[in-house]
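If you want the building blocks of each chain, they are given just below.
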Amino acid sequence: MFKNNILKVIVSFAIVIVAVMSCKEESKKLYVGTNAEFEPFEYRESGNIVGFDIELVGEIAKLINVEIEIEDMAFDGLLPALQTKKIDLIIAGMTATEERKKNVNFSESYYKSQQAIVVNNDENGINAFDNLVGKDVGVVLGYTGDLIVSEISNVRVQRYNATSEAIMGLKAKKVQAVVLDYEPAKNYSAQNPELKLIETDSESEEYAIAIRKEDTQLLDDINKALATLKENGTYDALLNKYFK
Ligand code: ARG
């Protein structure tokens, strides 16, 4: 009888321990890919990766009860990293294009943007996309700006690996213009007094979070979290903080 009770106690303990251990495994971690030179969406501030996207994904993670770790990499490497499971989602001011939708799923859109042109202050001949014909134009490899400029005939496209490199090429007058998403373009021209921003009437683009096609539950969770953040004022507070 006594022995039996001890056995019961041991078995119950074992069950509790196994339960606790498996719980721990369930509070899982998601790896979030980004490319942190796209202010105000993601950028580095004294070494830390900060920005609208980073805070937004942090709030989503809280709501769906997961831990996240941010992985900073070249923009061009983000989709391959998602496909090969090095990361679990992408938040990088990434436009939900039809082409990308063939390979990944996108959440509901969380921001609407469009392309802009950055030129040197003394450049007076470029006021619209049409004026890029016959010019050397810098873009960043794999950005939607790259696709758009590559479609204009008679433009010499110079593809840079990073936004900062394209801006450097422009300042050094290796190219006469850089085409980039509006908000980062605005930031780079504000931070470099020798540059100016040209607004365009390019098509609008919707930014969304990219997820692997098979991760339908995660997609659902993210969309629900986004809806909650839009309802409860968190999303608007972030907009006010990062877009003045
Ligand atoms: N919206 C553009 C695209 O999807 C550029 C995004 C660049 N983002 C970044 N974090 N560097 O291609």
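Just so we're clear, the structure is a prediction, and the values are computed from it rather than from any experiment.

Procedures and definitions
- Residues numbered from 1 in each chain as written.
- Predicted model: local features only at pLDDT ≥ 70, side-chain atom pairs only at ≥ 80, totals over all residues.
- Heavy atoms only, no water.
- Near = heavy atom within 4 Å.
- Polar contact = N/O pair within 3.5 Å; in protein donor to acceptor, adjacent residues only side chain to side chain.
- Areas by Shrake-Rupley, 256 points an atom, 1.4 Å probe, with all protein chains shown as cover.
- 1 Å grid on protein atoms, 1.4 Å probe; cavity = no way out; pocket = protein on both sides within 12 Å on 5 of 7 lines; lining within 4 Å.
- Sits in = over half its atoms within 2 Å of the grid points.
- Nonpolar A, V, L, I, M, F, W, Y, C, P; charged D, E, K, R; others polar.
- Points joined across faces, edges and corners; volume = space filled by probe spheres on them.
- Helix = DSSP H or I, 4+ residues; strand = E, 2+ residues; numbered from the N terminus.
- Axes fitted to C-alpha atoms, helices over the stretch in contact; angles between N-to-C directions.
- Parallel < 35°, antiparallel > 145°, perpendicular 65-115°, else oblique.
- Left-handed = near helix turned anticlockwise from the far one by under 90°.
- Contact = heavy atoms within 4.5 Å.

Engineer: Even after reading the chapter, I still don't get the site of the ligand, so can you show me in this structure?
Structural biologist: In the neighbourhood of the ligand, 15 residues make up the surrounding shell, with N35, A92, R100, Y143 and D181 lying closest. Taking A92, its main chain carries an N or O atom lying 2.7 Å from a nitrogen atom of the ligand. R100 is positioned such that a nitrogen or oxygen atom in its side chain is 2.8 Å from an oxygen atom of the ligand. Surface burial for the ligand is 100%, taken as the share of its 350 Å² of free accessible area covered by protein chains. A molecule is said to occupy a pocket when more than half its atoms come within 2 Å of that pocket's grid points, and by this definition the ligand occupies the largest cavity. Counted by class, the shell around the ligand contains six nonpolar, five polar and four charged residues.

Engineer: Before we go on, may I ask you to explain empty space enclosed by the protein in this structure?
Structural biologist: Any empty space left between the atoms is revealed when a probe the size of a water molecule rolls over them. For the coordinates displayed, the defined rule picks out two cavities of 30 Å³ or more. Considering only enclosed or pocket space, the largest cavity measures out at about 80 Å³ in volume. What lines the largest cavity is N35, F38, E42, F75, A92, G93, M94, T95, R100, Y143, T144 and D181. Of the residues in the lining of the largest cavity, the class split is five nonpolar, four polar and three charged. The space that makes up the second largest cavity amounts to roughly 50 Å³. Lining the second largest cavity are L30, V57, I60, A61, I64, V66, I68, L89, L218 and I222. At four residues, the largest contribution of residues to the lining of the second largest cavity is made by helix α2 (residues 52-64).

Engineer: Sorry, what's going on with the packing of α2 against helix α9 (residues 234-242) here?
Structural biologist: Any two packed helices are characterised by how steeply their axes cross, that is the angle between the axes, and by the distance between the axes. One way to put it is that α2 packs onto α9 with a least axis distance of 10 Å and a crossing angle of 160°. Taken together, the axes of α2 and α9 are roughly antiparallel relative to one another. You can see that α2 and α9 cross each other, and the crossing is right-handed. Mapping the contact onto sequence places F52, E55, L56 and E59 in α2 and T234, Y235, L238, L239, K241 and Y242 in α9.

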